[in-house]
Amino acid sequence: MSKTLNRQARESYPFHLEIETRFTDTDMGGHLNNVSILLYYQDGRVPFLLDCLPELAPQTGWGLRLARCDVSYDGQTYYPGPIEVSSGIEQVGDNWIRVAQALFQHGQCVGQCEVILVLAEDEGQPAAFSPAQRARLEARMLGS
Amino acid sequence: MDRDRIGPIGMARYCEEARMAFIAALVGKDRMLDEGWKGFVRQCTIEMLGDVTFPGTLTVGGGVLRIGNTSCAYGFGFFLGGVCVCLSDSVNVWVDDNGRPAAIGEAVKAVLGREMLGS
C-alpha cells in the first residue's frame, strides 16, 4: 500500500462512480451486508477498468481475472441512499494490476478494497500488457 | 461466476456460509445469534489459488487464527478434488448494542480457543 497517500480521502482516486444502494443487499439491521458490498466495489471497478482498457470488454472475451480481494469495513453502510465507489490503479505488473478502491457514504469513507487482477492467458500463452495499455493504466494511478 | 469459474466475489458467499456453519457447529444454531456472539466482519481477504469450477463440490476446512480482546480471526481453506483452490481469512469484531467494540466473553473465548488452526 502507498505510504504517502491518504487512502480514505476521495481526492486520492482518479475515478468515481455513484451507485444507489439496493434493498436486496441489506441485512437484518438495515446495513448493507458485507458480502453484498463486494458487488458495489465490482460495480465501481468494472466501468473504471473499461475506461482504462476498453479492448478488454466482456463482449470481446474479458481478459482480466480477479485473483485476490482484500477488503476492510471501516464503518456501517446504510440503505437507502447512494454510495460512491472511488477507484485507482495502485500497481502495474507485467501481466497483473493492483486496484485500490474506497467506499464513501455521506462524505465518510466507510471501507477500502484492494484487488489483484491478472491478464488471462491467450491460448495457453502468458499474456502481458502492451506499452500502450501500461501507459493508460499508469495514467490512472492513485493520486493522479 | 465468470463463465464456468467462480471468482473471489462468489467465493465470499461461501466464506460467509463456512464461517456461520463453523460457529453453528461450535455453539448450536439456536445460540449462534446470542449476545455473546454478536459481531461484524471487519476485514476479509480472499485469495484464489486455483480454478473453482462449476459444477463441483467444495470441501471446506477452517478454524480460529487469532483471538483478541474484542476480535477473532478465522481462516478457511476450500478444496476441490483434494486440491486447495481458495484461502480466506476474516476478522470479526464483537460489538455492544451501540455498535462499539466489546470484549469477548471468557466463555466464548474458551470455545474459540479449542478451535485454533493446527491444533
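For the structure itself, look to the data block above.
As the structure is a prediction and not an experimental result, all values here were calculated from the model. (Residues numbered from 1 in each chain as written. Chains lettered and ligands numbered in written order. Predicted model: local features only at pLDDT ≥ 70, side-chain atom pairs only at ≥ 80, totals over all residues. Heavy atoms only, no water.)

Caption draft 1: Examining the overall build of chain A more closely. Of the regular secondary structure elements, chain A holds two helices and five strands. Reading the secondary structure of chain A in the N-to-C direction produces β-α-β-β-β-β-α. For 144 residues, the compact-globule formula gives about 15 Å, and the C-alpha radius of gyration of chain A, at 16 Å, lands near that figure. Dimensions of chain A, computed from the C-alpha atoms along their principal axes, are close to 50 × 35 × 20 Å. (Helix = DSSP H or I, 4+ residues; strand = E, 2+ residues; numbered from the N terminus. Rg over C-alpha atoms; globule rule 2.2 N^0.38 Å.)

Caption draft 2: Examining empty space enclosed by the protein more closely. A complete count under the given rule lists one cavity of 30 Å³ or more for this structure. Size it by volume and the largest cavity reaches roughly 40 Å³. As for the largest cavity, its lining consists of A:Asn34, A:Val35, A:Leu38, A:Tyr73, B:Ala12, B:Cys15, B:Glu16, B:Arg19 and B:Cys44. When residues of the lining of the largest cavity are traced back to their parent elements, those giving at least two are helix H1 (34-52) of chain A together with helix H1 (8-27) of chain B. The element contributing the most residues to the lining of the largest cavity is H1(B), with four residues. Taken together, the residues of the lining of the largest cavity break down into six nonpolar, one polar and two charged. (1 Å grid on protein atoms, 1.4 Å probe; cavity = no way out; pocket = protein on both sides within 12 Å on 5 of 7 lines; lining within 4 Å. Points joined across faces, edges and corners; volume = space filled by probe spheres on them. Nonpolar A, V, L, I, M, F, W, Y, C, P; charged D, E, K, R; others polar.)

Caption draft 3: Expanded view of the pattern of salt bridges. Residue and element names in this part refer to chain A. Within this structure, the stated rule accounts for 15 salt bridges over all chains. For Arg10, the salt bridge goes to Glu84, with nearest N and O atoms at 2.7 Å. In this pair, Arg10 sits in the segment before strand S1 (15-20) while Glu84 sits in strand S3 (residues 82-92), placing the two residues 74 residues apart along the sequence. With its nearest N and O atoms 4.0 Å apart, the salt bridge here joins Arg68 to Asp70. Taking the relative accessible area as the measure of exposure, Arg68 reaches 28% and is therefore partly exposed. Counted as one network, the salt bridges with shared partners bring together Arg7, Glu90, Arg98 and Glu114. (Salt bridge = Lys/Arg side-chain N within 4 Å of Asp/Glu carboxyl O. Buried < 20%, exposed > 50% of the residue type's maximum accessible area, 1.4 Å probe, protein only.)

Caption draft 4: Here's a closer look at the side chain of A:Thr21. Residue and element names in this part refer to chain A. Here Thr21 lies in the loop between S1 and H1. Its relative accessible area of 5% is what places Thr21 among the buried residues. One polar contact links the side chain of Thr21 to the main-chain carbonyl oxygen of Gly81, over a distance of 2.6 Å. Among all residues touching Thr21, those that are not within four sequence positions of it are Leu32, Tyr40, Tyr78, Tyr79, Pro80, Gly81, Pro82, Ile83 and Gln105. (Polar contact = N/O pair within 3.5 Å; in protein donor to acceptor, adjacent residues only side chain to side chain. Contact = heavy atoms within 4.5 Å.)

Caption draft 5: Representation of the packing of H1(A) against H1(B) within the structure. Where H1(A) contacts H1(B), the axes come no closer than 9 Å and their chain directions differ by 170 degrees. On the basis of their axis angle, the class for H1(A) and H1(B) is roughly antiparallel. Counting all contacts with H1(A), which are made through A:Asn34, A:Val35, A:Leu38, A:Leu39, A:Gln42 and A:Arg45, the residues of H1(B) involved are B:Ile9, B:Ala12, B:Arg13, B:Glu16 and B:Arg19. For the contact of H1(A) with H1(B), the class distribution of residues is five nonpolar, two polar and four charged. (Axes fitted to C-alpha atoms, helices over the stretch in contact; angles between N-to-C directions. Parallel < 35°, antiparallel > 145°, perpendicular 65-115°, else oblique.)

Caption draft 6: Molecular detail of H1(A). Residue and element names in this part refer to chain A. Over its 19 residues, H1 runs 28 Å from end to end, which matches the ideal 27 Å to within 8%, given 1.5 Å per residue. Listing the buried residues of H1 in full gives Asn34, Val35, Ser36, Ile37, Leu38, Tyr40, Tyr41, Gly44, Arg45, Phe48, Leu49 and Cys52. By the N-cap criterion, in which a side-chain oxygen at the helix start approaches the backbone nitrogen of a residue two or three places on, H1 is capped by Asn33, the distance to Val35 being 2.8 Å. (Expected span 1.5 Å × (residues − 1).)

Caption draft 7: Seen up close, the interface of chain A and chain B. Across the boundary between the two partners, chain A contributes 21 residues, which contact 19 residues of chain B. Among the ionic pairs, B:Glu47 bridges to A:Arg68, the shortest N-O distance being 3.2 Å. Across the chain A-chain B interface, the total number found is eleven residue pairs in polar contact (both at pLDDT 80 or more). Among the elements of the structure, H1 and strand S2 (64-73) of chain A are those that each provide at least two residues to the side of chain A that touches chain B. Counting residues per element, the side of chain A that touches chain B draws most heavily on S2(A), at nine residues.

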